[in-house]
Structure formats: C-alpha cells, structure tokens
Amino acid sequence: MARTLLLTFFGPFPGVPVNPTVALAAGVQRLLAQMRPGLRVVARELPVSYNGSSAALRAALQEVRPDALISLGVAVGRDAVSLEQVAINLDCAGIEDNDGDRRCDEPIAQGGREAYFSSLPVRASFERLRAAGEPVEISYTAGTYVCNHVFYEGQRISRELGLRIPAGFVHVPATCADGEDATEDTGMTAHRDAGGVVRDERSVPHLPESTVVRIIAEIASDTLPVAE
Ligand code: PCA
C-alpha cells in the first residue's frame, strides 16, 4: 500500500507578505512525484493562528492518517534549511497571530509535556545532506510563535490519535527564484520569536527555491525510505 506524507505549510503573517512555504510545498510535491512515485504527498495549508493551526492540524491528521508529518515554516534571516530538533510547550511572541491573538508565556497544552524532540531522522539527514554540500543545519529552537506551536502539536496530537509516526518541523530561509539576486529585498521582517535571525534588515539571506525544494524532498525521502 502506498505510504502517505502529510506536508503542511503556512500563508502570510505580520512581516511576511508572501510565505515561501506555499511555493515550496507545491515544488516538493512535484519533485517527490518524480523521485518517489510510490509516495503519496498530501499538502495542507495551516492558518498562522495558535488555536486555528491546532484545529486544522488535528483535522488533517484525522482525515489523512499519514505515515509521516513534516511541517514547513519560514524563519526570515536564517541562511540554511533548519532541521528543528525540539518543540517546547510555550507560546510567546511580540507579534500577533492572524486572529489577533498575542500570547506571552502561555503553555500550548496545560499540563502537557514540556518538550518533544523531533522524530524525523534529524541527525542522519543533516549529516548526509551536509556531506553532499547542501546548506543545512540542526536547530535547537523553532522559536515560540506559530511554527513551534505546530511542531509541538504535531507530536502531541498524533500521539493522542494513536498515530505512531515520524513527525517534525523544517524551517526555511527566505527564498528567491533560481538565478535571481540572493539578497534582493522582499519586504520581509525577521522576527526572533518566529525563529528569525535579526542581523541587517537590508540584507536578508535568500536561498534558491530549487535548492530548498531538493533538500526538503530528501528529508522526506529519508523519513519514509523505500520499503525493502
Ligand atoms: N513562520 C512563523 C509562523 C509561520 C511561518 O511560516 C514561525 O516561524 O513561527
């Protein structure tokens, strides 16, 4: 039976008028259809909302019952694709979510575990991709905004639904079309709470979209390897 990957992505949020994960998810779906024809990829947009993302993620997990979950988000200012290692039980950001909800030091799940580690093959994918010269890193904070929230909820809700699946989060830098100037201004703001790195607002690092698509497809393929 074909195995299924649930790939989630986000739309715009304050400071990010165009979220690169929309195009990346579509690109990953296309590339995996070639690379791994036996793998079914369901891509779903989640709202950039604490409550809304939990509800949408639960509905998607219940409906799709995937064999793996990879969630994507942008962290403006980073210069490598980040395999996130740890999700923490905390919502706290200086910016509102898209429902106008601003949170400070609130637990995601009252009485829930303080943290979850990614169950994607983070170290193995990182080592393999780095050896191939790809711009990747392991990150130990996914921030405290909606991306960390979704990463935490992916772990918590999949367990609650009895799904024993690899689940994790990949943060991507700003992207540019292939061949475009990699430091072109995109009108994006780097928010530290959203995993961003605030250096020089005028020179946000960008990676070519095709590079990021390739890296995410490789991570997906490592997560659900071809059955023996
Ligand atoms: N990045 C934000 C939320 C949505 C997104 O793409 C974050 O890193 O929290």
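Report on the accompanying structure. Each chain has its residues counted from 1, following the order in which its sequence is written. Totals for whole chains, interfaces and linings use every residue, but because this is a predicted model, local features are given only for residues with pLDDT of at least 70 and side-chain atom pairs only at 80 or more, for both listing and counting. Neither water nor hydrogens contribute to the side-chain values; these are computed over all heavy atoms in the structure.

**What about the sheet that holds strand β3 (residues 68-74)?**
Moving on, step 1. Reading across from one edge, β2-β1-β3-β8-β4-β7 is the order of the 6 strands in this open sheet, with mixed pairing throughout. Two strands lie at the open edges of the sheet, namely β2 (39-46) and β7 (136-139), each paired on one side alone. The average undirected angle you get between the axes of adjacent strands in this sheet is 25 degrees.
Moving on, step 2. With 6 bridges joining them, β3 and strand β8 (residues 167-172) adopt parallel strand pairing. Its bridge partner being in β8, Leu-72 is matched across the sheet by Val-170. Here, a strand pair is defined by DSSP locating no fewer than two bridges between the strands. Think of it this way: any DSSP run of H or I at least four residues long counts as a helix, any run of E at least two long counts as a strand, and we number them from the N terminus. Axis definition: a line fitted to C-alpha atoms, limited for helices to the stretch in contact. Angles are taken between N-to-C directions and run from 0 to 180 degrees.

**Observations regarding the site of the ligand**
Moving on, step 1. Proximity is defined per residue: any heavy atom of the residue falling within 4 Å of a molecule or strand makes that residue near it. With respect to spatial proximity, the complete set of residues near the ligand consists of Phe-10, Phe-13, Asn-19, Gly-73, Val-74, Tyr-145, Val-146, Cys-147, His-171 and Ala-194.
Moving on, step 2. Val-146 has a polar backbone atom sitting 3.5 Å from an oxygen atom of the ligand.
Moving on, step 3. Think of a polar contact as two N or O atoms within 3.5 Å of one another; within protein, one of them needs to be a possible hydrogen donor and the other a possible acceptor, and neighboring residues in sequence only count if both atoms come from side chains. Within the backbone of Cys-147, a nitrogen or oxygen atom sits 2.9 Å from an oxygen atom of the ligand.
Moving on, step 4. Protein coverage of the free-state accessible area of the ligand, which is 260 Å², stands at 100%.
Moving on, step 5. Of all elements in the fold, only β3 and α4 (146-160) reach the threshold of two or more residues within the shell around the ligand. Computed by Shrake-Rupley with a 1.4 Å probe, the accessible areas treat only the displayed protein chains as cover when residues are assessed.

**So, the nonpolar core**
Moving on, step 1. Nonpolar core, defined: a set of buried Ala, Val, Leu, Ile, Met, Phe, Trp, Tyr and Cys residues in which side-chain atoms within 4.5 Å join the residues together. Residue exposure (1.4 Å probe, protein chains only): buried if accessible area is under 20% of the type maximum, exposed if over 50%, otherwise partly exposed. In terms of nonpolar packing, the biggest core is built from 70 residues, with Leu-5, Phe-10, Phe-13, Leu-32, Leu-61, Ile-70 and Tyr-145 touching the most fellow members.
Moving on, step 2. It is helix α5 (residues 209-223) that provides the largest number of residues to this core, a total of 7 residues.
Moving on, step 3. Contact between two residues is taken to exist if any of their heavy atoms lie within 4.5 Å; hydrogens are not considered. Not counting residues within four places of it along the chain, the set of residues in contact with Ile-70 comprises Leu-5, Leu-6, Leu-7, Thr-8, Leu-120, Gly-168, Val-170, Ile-219, Ala-220 and Thr-223.

**Focus on the packing of helix α3 (residues 122-131) against α5**
Moving on, step 1. α5 packs onto α3 with a crossing angle of 135 degrees between their chain directions and a minimal axis gap of 10 Å. As judged from the angle between their axes, α3 and α5 are oblique. Judged by the sense of rotation from one axis to the other, the crossing of α3 with α5 is right-handed. When α3 is examined against α5, the residues Ser-125, Arg-128 and Leu-129 are found in contact with a partner set consisting of Ile-215, Glu-218, Ile-219 and Asp-222.
Moving on, step 2. In this classification, Asp, Glu, Lys and Arg are treated as charged, Ala, Val, Leu, Ile, Met, Phe, Trp, Tyr, Cys and Pro as nonpolar, and every other residue, Gly included, as polar. Across the contact of α3 with α5, the residue classes tally to 3 nonpolar, 1 polar and 3 charged. Under this scheme an angle from 65 to 115 degrees is roughly perpendicular, one under 35 degrees roughly parallel, and one over 145 degrees roughly antiparallel; angles in between are oblique. Crossings are classed by handedness, with left-handed meaning an anticlockwise turn of the near helix from the far one by less than a right angle and right-handed meaning a clockwise turn.

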